[in-house]
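# Summary of structural features
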Amino acid sequence: MALTVHFEEAATAQERSKVSKIGAFCCGLSLCNQHTIVLYVLCIVPWILFQLLKEKQSNRVMWRMNLTKINTVIRVTPCALTQELSLGALWKLGLYFSAGLLPYTYLPVSSYLNQARWTWGDQTTLLGFLTHFLREEYGTFSLAKSEVGSSMSEILLSQMTNMRTELSFNIQALAVWANICLARKDRQNPSLVWLFTGMFCIYSLFFAWRANLDISKPLFMGVVERFWMQSNAVVAVLAGVGLPALVSESNRVLNTSGLQCLEWLSATLFVIYQIYSNYRICDQSTNYVIDKFAKNLLASVPHDAIILLRGDLPGNSLRYMHYCEGLRPDISLVDQEMMTYEWYLPKVAKHLPGVKFPGNQWNPVEGILPSGMVTFNLYRFLEINKQKETFVCIGIHEGDPTWKKNYSLWPWGSCDKLVSSEIVFNPEEWIKLTRNMYNWTEEYGRFDPSSWESVANEEMWQARMKTPFFIFNLAETASLPSSVKAQLYTHAYSLYKEIVYLQKEHPVNWHKNYAIACERMLRLREGGADPEVLLSETIRHFRLYTQKARNDPQLADVSVALKHLRKELQSLRNRRNV
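Scope of this entry: the structure provided in the associated data block. (Residues numbered from 1 in each chain as written. Predicted model: local features only at pLDDT ≥ 70, side-chain atom pairs only at ≥ 80, totals over all residues. Heavy atoms only, no water.)

### A short note on the pattern of salt bridges
Going through the model one piece at a time under the given rule, you end up with 18 salt bridges. We note a salt bridge from E383 to K386, for which the minimum N-O separation is 3.6 Å. Classification of E383 by relative accessible area gives partly exposed; the value is 25%. The exposed category is assigned to K386, whose relative accessible area is 53%. In this structure, the salt-bridge partner of K466 is D416, at a minimum N-O distance of 3.2 Å. Of this pair, K466 sits in helix α19 (residues 452-477) while D416 is found in strand β8 (residues 415-420), placing the two residues 50 residues apart along the sequence. On the accessibility criterion, D416 (13% relative accessible area) is buried. (Salt bridge = Lys/Arg side-chain N within 4 Å of Asp/Glu carboxyl O. Buried < 20%, exposed > 50% of the residue type's maximum accessible area, 1.4 Å probe, protein only. Helix = DSSP H or I, 4+ residues; strand = E, 2+ residues; numbered from the N terminus.)

### Observations concerning the nonpolar core
Membership of the largest hydrophobic core comes to 85 residues, with the highest contact counts inside it found for I307, L308, V334, M339, F357 and F381. Per element, the largest residue contribution to this core is nine residues, and it comes from α19. For this core, the domains that each give at least three residues are domain 3 (284-423) and domain 4 (435-577). When residues no more than four places from it in sequence are discounted, the contact partners of M339 are L308, V334, Y344, L345, F357, Q361, W362 and F376. Listed in part, the 44 residues of the second largest apolar core include M163, I171, I215 and V224. (Core = buried A, V, L, I, M, F, W, Y, C linked by side-chain atoms within 4.5 Å. Domains from an automatic or database assignment. Contact = heavy atoms within 4.5 Å.)

### Some thoughts on a nonpolar patch on the surface
Together, V45, L49, L87 and L90 make up an exposed nonpolar region whose accessible area comes to about 350 Å². Counting residues per element, the ones that place at least two in the nonpolar patch are α3 (37-65) and α6 (87-100). Using a relative accessible area of 39% as the deciding quantity, one classes V45 as partly exposed. (Patch = residues over 30% accessible without salt bridge, like charges linked within 9 Å, V, L, I, M, F, W, Y side chains within 5 Å. Areas by Shrake-Rupley, 256 points an atom, 1.4 Å probe, with all protein chains shown as cover.)

Coordinates in, geometry out; function isn't part of it.
Here it is as structure tokens:
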């Protein structure tokens, strides 16, 4: 955008040519970072060509009018403009644009050498390169695969709300003023304002159409917000155009030229205010939340283990610590989602010498594909790697239930351990093993819900609840003797009580889970617990849950249960009084 302004202000064909070449290079280079930049490029390039064509037509008219007066115009201007739009000049601009795309050459070279321990895609073929370049595996110009997003109107409305938060009122007002000034006939450089406004509108509409994420979820809103920075940049540029227009209009109305210094002063103050109001939020120099999250997860697994990764948070954070920081070189990181792609194992398997793969691609249905690739399921993978302990972080791929033939998932902090069904679960031993697994001191709820820090903090807090939840669920679903069930209920109740009263602030679902555990203990009438205390605890924590979990679809059922429990408590107290 800065180069576009320089192009508009260029006085000679030589200067325009220089700016055009730099701009073409920057357009190509920017596409290496962000695909949505193409929307701006597709606006700027036709605008540049139109401006050159308009300049050529204008000078041709001037040349004819001054045919007998100015010989230099005859000899220089039309020729220079013709050269600017010649095939040779356009070819040079294309070369500069291609030079900006040179970082992409790293992909086929790296893919061919196959030395990277982690990669995405196989770019050794043209088809593989285009698949990666166009992000076809996630959907070209889509934010996620197989996601149903919010409506265009919701996203556009949220964008306007975000703009009011991110940009000061002065910046927004100046951007609007730049467009209002278009109505003036003597307005300088109106085409620039039209261009930038068009870029803003096209980008906003296109992104709202393609942003297939549900922004009612805070994390997805955070993802979408990052793309609005691109449109906010245009608003800031429009404000920069609107400021001198405002000063010029003020000078005209007041019939003075003394306000020129105020233009620089106000621009400086706007920038300083923007930095001042956002510096605290943007300063992440002391933010080590994801760092601690990854280190805790890696430190918790035993020596020489396999971790089956799933999701952006554990996948990217653990890979960074393992590959870049050299943490836990003994373990093996295998991505569940990537194993379903045909390029993953041919590229990565050789860098995982401690892991055996019974085929070339993970697929619930075993067999041989038309391409000759051998597929295997998760059960086969676990069987061939029985000599190693295997963990899943976080969650396991729902599309392949074959592991359930001979394996169970036992809670292991934020992760889970795949354990042979032949092994008998010992609750006391497992509680001792998982009770103080992580060293996590972050307060609950202290991070913005739309941030990855919030997701990491939530995972680490919920990890404390996974063992009692698993034990309670085992007592509810497994076919076990009543004495064993009573023992499991007691363990779950004790663990829930411990974590609920350990911290003042904790996840709201803990209230509900603890209340249910108290109710089950009440039914058992074992363990020496006072029924009145159990009933009071059940009522108290169900009430706290209804106060905090306003969006739970089962809230009405919980409220009905609360009324019944209060009657039970009153009846119990009446009997005791009698």
